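So you can see what is in the structure, the chains are spelled out below.
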Amino acid sequence: SDDLARSDAFVRFFSGDLRDAPAALRTHGWATGYALSIYGQEYTQQCPFQTGNGYGDGRALSVLEGLFQGQRWEMQLKGAGRTPYCRGGDGRAVLRSSVREFLAQEHMHALGVPTSRSLSLIASRSEGVRRPWYGEHSRATNPDRWVVDAAAISTRVAPSFLRVGQVELFARRARSAAHPTAMQELEQLLRHAIDREYRPEIPPELPLGAQLVRLLGAFADRLTSLVAHWLRVGYCQGNFNSDNTAIGGFTLDYGPFGFMEVFDPTYQPWTGGGRHFSFFNQPAAAHKNFQMLHRSLKAWSGLSDDERRALDAVDEGFPALIRAKVEATFAAKLGLPEAHHDLTQRLFALMQGTPVDYAILFRELSRLPERLDALQPAFYAAPDLDRAAWGAWLAAWRDALALGPTRTAGQVSAQMKATNPKYTLREWQLVPAYEAATQGDYARIHALQRVMTRPYAEQDTDTEGQFYAPKPASAFGVGGVSHMSCSS
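To continue, consider helix H3 (residues 95–111). For an α-helix the count is 3.6 residues per turn, leaving residues at separations of three or four pointing the same way. Spanning 17 residues, H3 covers 24 Å between terminal C-alpha atoms, matching the ideal 24 Å at 1.5 Å per step. Burial of H3 is extensive: 15 of the 17 residues sit out of reach of the surface. In the stretch just after H3, Gly 112 is the one whose phi turns positive, near 85°.

Given below as structure tokens:
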């Protein structure tokens, strides 16, 4: 309740002061380790022990698990201080990155994208942390100055924070027989992952090997659906390693993420990410992370030959599964009765040739326009706009809609508006919100919260004028707006 959230006890607990926690709760949090894999490549060299055992939650501490209305939730403080996995860091988070994650999680939930959730955000009035960041209007690729930002602690919530990287860590130990109980610990973790994330879908009476085959199949379904959702709403994860991939198949770790504005298949907000984590390469990156789980499950020694072949078959089917879901997603975005590869690819080619706002274009198409001028709000300055090509595509698309008595314009438009959000979280709108928050003014955060938790609604005229707008020319190329080096 709001009253509970405003109580002194709540603020103390969720700012990391667990000394007066009720007797049923621990007076300390817990952090967990995981392995690091980047695009399917295992890494150990950045680990302080050179073993891979030193990676993990560097500034995230779980403090509470509970059953609420039959659903188990784990609550985790991000920015609460040092953990055994800090590798020299201070374990703190700045207000800037905390605001971004706090708003993004609830925005993604409202968009219908599986995600961790936001419970609270508490800003310090006395503690600051020194971080590299961009100067005002800087066009540098990487931060060009040091700043002291207010420290903050956000509480994120999920059924669990189990990651592919955690299963991978225990599988690495089991494969190398790192210690006498390594295989037993891998089995314990696998059973735990099924219990926490997949038990309703996987009967407990099945042999564990059969359960693991079911687990991999269910995870494939969730992960492919998740990435299709990301493409639907224009979201780019930025840093899509296996340790940032939740076993539960939801969005986790909002670091250098971004919502694409000007359409670009290679959009990537993180300067250190590369094209392998860019917007349209997210299905391929998902498969790499999926393969790390596949390999980790096969490290369990109790599998039969048939179960190993079954796991391999799930992995082999992953590319076709995600391709089908992505094609269905774009058919839904275009209001088509079925996938239409040629029409979709023609649109992408036009969007690459003409600077166009991704979210606004699809929302304007949801009105089922007959003339190109109706799409004008989506176009950036485009003197070389090929009106003939766009007009031909528009006519072909209108024909492919197959409108008629059983597929009326009103029905199709309503379906498209429920698929294509009107409002997405744009970085140039986030920046003034967190900058004002550093001065103790949270009005902009609350305004974004109100708008972005109703992303499909038309809302009022003032809201539309302020938030339904393409990226201003002054924001292009600006560090911390168009690109960023880290989440801090």
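Here the focus is the pattern of salt bridges. Summed over all chains, the structure comprises 33 salt bridges. One salt bridge connects Arg 196 with Glu 65, and the closest N-O pair in it is separated by 3.3 Å. One end of the pair, Arg 196, is in helix H5 (residues 182–197); the other, Glu 65, is in strand S3 (residues 60–68), with 131 residues separating them in the sequence. Exposure remark for Glu 65: the relative accessible area of 33% places this residue in the partly exposed category. In this structure, the salt-bridge partner of Asp 253 is Arg 156, at a minimum N-O distance of 2.8 Å. Taken together, the positions of Asp 253 in the loop between strand S8 (235–236) and strand S9 (258–259) and Arg 156 in strand S7 (residues 145–158) put the pair 97 residues apart, joining distant regions of the chain. Judged by relative accessible area, which is 13%, Asp 253 ranks as buried. Beyond isolated ion pairs, a larger network of salt bridges with shared partners links Asp 57, Lys 78, Glu 101, Arg 156, Arg 163 and Asp 253.

Next up on the list: helix H11 (residues 387–400). Here H11 spans 20 Å end to end across 14 residues, near enough to the 20 Å set by a 1.5 Å rise per residue. Burial in H11 covers these residues: Trp 390, Trp 393, Leu 394, Trp 397 and Ala 400. Within H11, the buried residues cover an arc of 125° as seen down the axis, which keeps them to one side. Opposite the packed face of H11, turned more than 90 degrees from it, sit the exposed residues Ala 388 and Asp 399. Phi turns positive one or two residues past the end of H11, at Ala 402, with a value near 55°.

One way to put it is that helix H6 (residues 208–233) packs onto helix H7 (residues 282–297) with a least axis distance of 10 Å and a crossing angle of 165°. With respect to H7, the axis of H6 lies roughly antiparallel. Crossing of H6 against H7: the hand is right-handed. Facing Leu 212, Leu 215, Leu 216, Phe 219, Ala 220, Leu 223, Val 227, Trp 230 and Leu 231 of H6, the residues of H7 in contact are Gln 282, Pro 283, Ala 286, Phe 290, Leu 293, His 294 and Leu 297. When its residues are assigned to classes, the contact of H6 with H7 shows 14 nonpolar, two polar and no charged.

This paragraph deals with the packing of aromatic side chains. Under the counting rule described, the total for this entry stands at 27 aromatic pairs. Ring geometry for Tyr 235 versus Tyr 254: centroids 6.0 Å apart, planes at 65°, classification edge-to-face. On the criterion of sequence distance, the pair formed by Tyr 235 in strand S8 and Tyr 254 in the loop between S8 and S9 is long-range, its members being 19 residues apart. Each of the two residues, Tyr 235 as well as Tyr 254, counts as buried. Residues Phe 263 and Phe 348 carry aromatic rings whose centres are separated by 5.8 Å and whose planes lie at 15° to one another, so their mutual orientation is stacked.

Calculation rules
Residues numbered from 1 in each chain as written. Predicted model: local features only at pLDDT ≥ 70, side-chain atom pairs only at ≥ 80, totals over all residues. Heavy atoms only, no water. Helix = DSSP H or I, 4+ residues; strand = E, 2+ residues; numbered from the N terminus. Expected span 1.5 Å × (residues − 1). Buried < 20%, exposed > 50% of the residue type's maximum accessible area, 1.4 Å probe, protein only. Salt bridge = Lys/Arg side-chain N within 4 Å of Asp/Glu carboxyl O. Arc of directions from axis to C-beta. Axes fitted to C-alpha atoms, helices over the stretch in contact; angles between N-to-C directions. Parallel < 35°, antiparallel > 145°, perpendicular 65-115°, else oblique. Left-handed = near helix turned anticlockwise from the far one by under 90°. Contact = heavy atoms within 4.5 Å. Nonpolar A, V, L, I, M, F, W, Y, C, P; charged D, E, K, R; others polar. Phe/Tyr/Trp six-rings, centres within 6.5 Å; stacked < 30°, edge-to-face > 60°.

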